[in-house]
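Each chain is listed here by its residues.
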Amino acid sequence: MKLNKLTVLFVINLIVILPLFYLSFYTYPSSDDFSYGMESYKGFEGFIQTQVDFYNRWSSRYMATAFLITSPLSFGTDQYFGIYPIFYIILFYFANLRVLKDAGVENNRIRFLLNLSIISIYTLLQTSLVENYFWLAGSATYFLPSIVFIFYLSCLLRIYKHKSLLKNFFFGVFCIFIIGGCSELLIAFSGIITFFFMLAYFVENKKISRYYFLLTSWIACIVLFIALSPGNAARATIKEADLSLLDVFIMALRKILAINLRYLIFAFILFLLLFRVTELKIRLHKNLRNPLFIFLFYNALLFIGSFITIYKLTYYPPPRVENLLIFFSMIFVFILSYLFYETYNHRISKLQYFIIGTGVLAAYLFIPKNSFQIESNLQLIYSDIFSGKVRRYKEQLEARKELVKTCDECIVPPIKEEPKTILFKDITDDTKHYINISVSKHYKIKSIRANE
């Protein structure tokens, strides 16, 4: 029986996505999850006071903080953390669905497969799966606002087309509230993109859209709220920048070059193959048909994001920040790839597509992924599952919980063969480490450490 190419695409997506749901059932809190989860609050009034405390001493990320201080840890349990990655993946699906409808993808089957494929491609390209899906402090701060940004883009597009103006305006206000409460970088990107929408609308209609103007003003208010946070100012002094501006400039250029060569070229080719398989037809506005402008625009934002992050951290962005930068850039690479497909598809034979696809697969599987992780994400996912690491991880954590019931100054075995997909950071051998202190509070013991 001859397999339909769309059926093959569906199976490939299942191979990538289904293990994520499986891994979710083995997800437990780690690292900063405990620090936030042990913040005490009582009722709504206490919740507000905790938010004020964080704003004054650590961070203005009120939405991420809200997720973290109301995690299951706050209610005395380390269970149910797998709900978060499942929720994020489903939310990601519906965000893509909304934008694909805006792009005029009417065929339900094609739209479904495109949606799954976008989730799969992003999963394959991430610099760190654990920091994007399974570590709550990372996912709430970076992945959640990235998803909400897709919803926000849809609002901007629909306002441009005069669709349900008030409804999309207020939904956009809500999206910005979430984005601004999670990621400083993404709220800045949102402001820049909203300004460009307002500019394009003005050029085309010879008047300023009050909706874009109000959204830009709302973003400015959120940015001001972030800039005035005493907590952000205090956190910035923890590690003073010891790089010259020239050093930061060069490092930022190297970072955007690495992101383009290591990740976005793969995204471009994978999208191209996806369009060939689905024979996709989408409606692109004339303002999105200049590939040079799109390429320069997203790279300019990549540079800004990298420059700011490197200056603040005095080093390259951590994987969770790179995940956000890759996610954001993929939106523009999707458009670039479609423009290429629309122009040159008739010149590329099936054999050439096959060779391109085989080459990309081989490169993805055998070229070391990055300095943080050698294996490809697909290799890592299936290695952790079929080697039994995730199952043994759960067994070791359950054994640890039984052990701490019998001690007050506890010394516990470290996690052996850590599953890299779902465990970010475990306790250390130092009882004064911030993770150890928070974990000891969770277990209501004096101290805890891992023996060497």
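Residues numbered from 1 in each chain as written. Predicted model: local features only at pLDDT ≥ 70, side-chain atom pairs only at ≥ 80, totals over all residues. Heavy atoms only, no water.

Side note on the confidence of the model for the chain
Looking at the chain, the pLDDT average stands at 91 and 97% of residues meet or exceed 70. Of all helices and strands in the chain, the one with the weakest mean pLDDT is helix 12 (residues 230-236) (79), whereas helix 9 (residues 165-180) scores best (97). (pLDDT = per-residue confidence, 0-100. Helix = DSSP H or I, 4+ residues; strand = E, 2+ residues; numbered from the N terminus.)

Overview of the state of the cysteines
For the coordinates displayed, the defined rule picks out one disulfide. The disulfide partner of C407 is C410, and the gap between their sulfur atoms is 1.8 Å. The disulfide joining C407 to C410 has a torsion of about 110° about its S-S bond and is therefore right-handed. Exposure remark for C407: the relative accessible area of 26% places this residue in the partly exposed category. The cysteine C175 is free of any disulfide, with C155 supplying the nearest cysteine sulfur at 4.8 Å. For C175, a relative accessible area of 1% translates into the label buried. (Disulfide = S-S within 2.5 Å. Buried < 20%, exposed > 50% of the residue type's maximum accessible area, 1.4 Å probe, protein only.)

Observations regarding the pattern of salt bridges
A complete count under the given rule lists 14 salt bridges for this structure. Residue R391 pairs with E395 through a salt bridge whose shortest N-O separation is 3.3 Å. Taken as a pair, R391 and E395 lie in helix 18 (residues 389-404) at a separation of four residues, close to a single helical turn. Residue class for R391 comes out partly exposed when judged on its relative accessible area of 42%. A network of salt bridges, in which partner residues are shared, links D78, E398 and K401. (Salt bridge = Lys/Arg side-chain N within 4 Å of Asp/Glu carboxyl O.)

What about the environment of S117?
Its place among the elements puts S117 in helix 6 (residues 108-125). Residue S117 is classed as buried on the basis of its relative accessible area, which comes to 3%. In sequence terms S117 and L136 are 19 residues apart; their C-alpha atoms lie 24 Å from each other. Ignoring any residue separated from it by four or fewer positions in sequence, one finds S117 in contact with L9, N13 and L274. (Contact = heavy atoms within 4.5 Å.)

A closer look at the pairing of strand 1 (residues 409-412)
Residues C410 and V412 point to one face of strand 1 and are all buried, whereas E409 and I411, pointing to the other face, are not buried. Relative to strand 2 (residues 447-450), strand 1 is paired through four bridges, and the arrangement is parallel. Pairing of C410 across the sheet is with I448, part of strand 2. Read as a crossover between parallel neighbours, the route from strand 1 over helix 19 (residues 434-443) to strand 2 is right-handed. (Pairing = 2+ DSSP bridges. Right-handed = clockwise from strand over helix to strand, strands pointing away.)

Observations regarding the side chain of T127
Relative to the assigned elements, T127 resides in the loop between helix 6 and helix 7 (129-134). Residue T127 is classed as buried on the basis of its relative accessible area of 1%. Side-chain polar atoms of T127 contact the backbone oxygen of P319, separated by 2.8 Å. (Polar contact = N/O pair within 3.5 Å; in protein donor to acceptor, adjacent residues only side chain to side chain.)

Comments concerning a nonpolar patch on the surface
On the surface, F195, F196, L199, F202, V203, I208, F213, L214 and F293 cluster together into a nonpolar patch covering about 840 Å² of accessible area. Where the nonpolar patch is concerned, the elements lending two or more residues are helix 10 (184-205) and helix 11 (210-227). For the nonpolar patch, the leading source of residues is helix 10, giving five residues. Within the secondary structure layout, F195 lies in helix 10. Classification of F195 as partly exposed rests on a relative accessible area of 41%. (Patch = residues over 30% accessible without salt bridge, like charges linked within 9 Å, V, L, I, M, F, W, Y side chains within 5 Å. Areas by Shrake-Rupley, 256 points an atom, 1.4 Å probe, with all protein chains shown as cover.)

Here we look at helix 13 (residues 245-278)
Along its 34 residues, helix 13 runs 46 Å from first to last C-alpha, staying within 8% of the 50 Å computed at 1.5 Å per residue. Along its length, helix 13 shows its largest kink, about 40°, at L264. Just beyond helix 13, the residue with positive phi is E279, at close to 50°. (Expected span 1.5 Å × (residues − 1). Bend = angle between axes of the 7 residues up to and from the residue.)

A closer look at the nonpolar core
Ranked by internal contacts, the top residues of the largest apolar core, which has 146 residues, are Y133, I193, F271, M330 and I448. Residues in contact with Y133, not counting those within four places in the same chain, are L20, P85, I89, I119, Y122, T123, Q126, S139 and F143. (Core = buried A, V, L, I, M, F, W, Y, C linked by side-chain atoms within 4.5 Å.)

Things to note about the packing of helix 10 against helix 15 (residues 319-344)
The angle between the axes and the distance between the axes are what describe a pair of packed helices. Their axes nearest at 11 Å, the elements helix 10 and helix 15 cross at an angle of 20°. Here helix 15 runs roughly parallel to helix 10, going by the angle between their axes. The way helix 10 lies across helix 15 gives a crossing that is right-handed. Listed contacts from helix 15 to L185, L186, F189 and I193 of helix 10 are V321, L324, L325, F328 and F332. Split by residue class, the contact of helix 10 with helix 15 holds nine nonpolar, no polar and no charged. (Axes fitted to C-alpha atoms, helices over the stretch in contact; angles between N-to-C directions. Parallel < 35°, antiparallel > 145°, perpendicular 65-115°, else oblique. Left-handed = near helix turned anticlockwise from the far one by under 90°. Nonpolar A, V, L, I, M, F, W, Y, C, P; charged D, E, K, R; others polar.)

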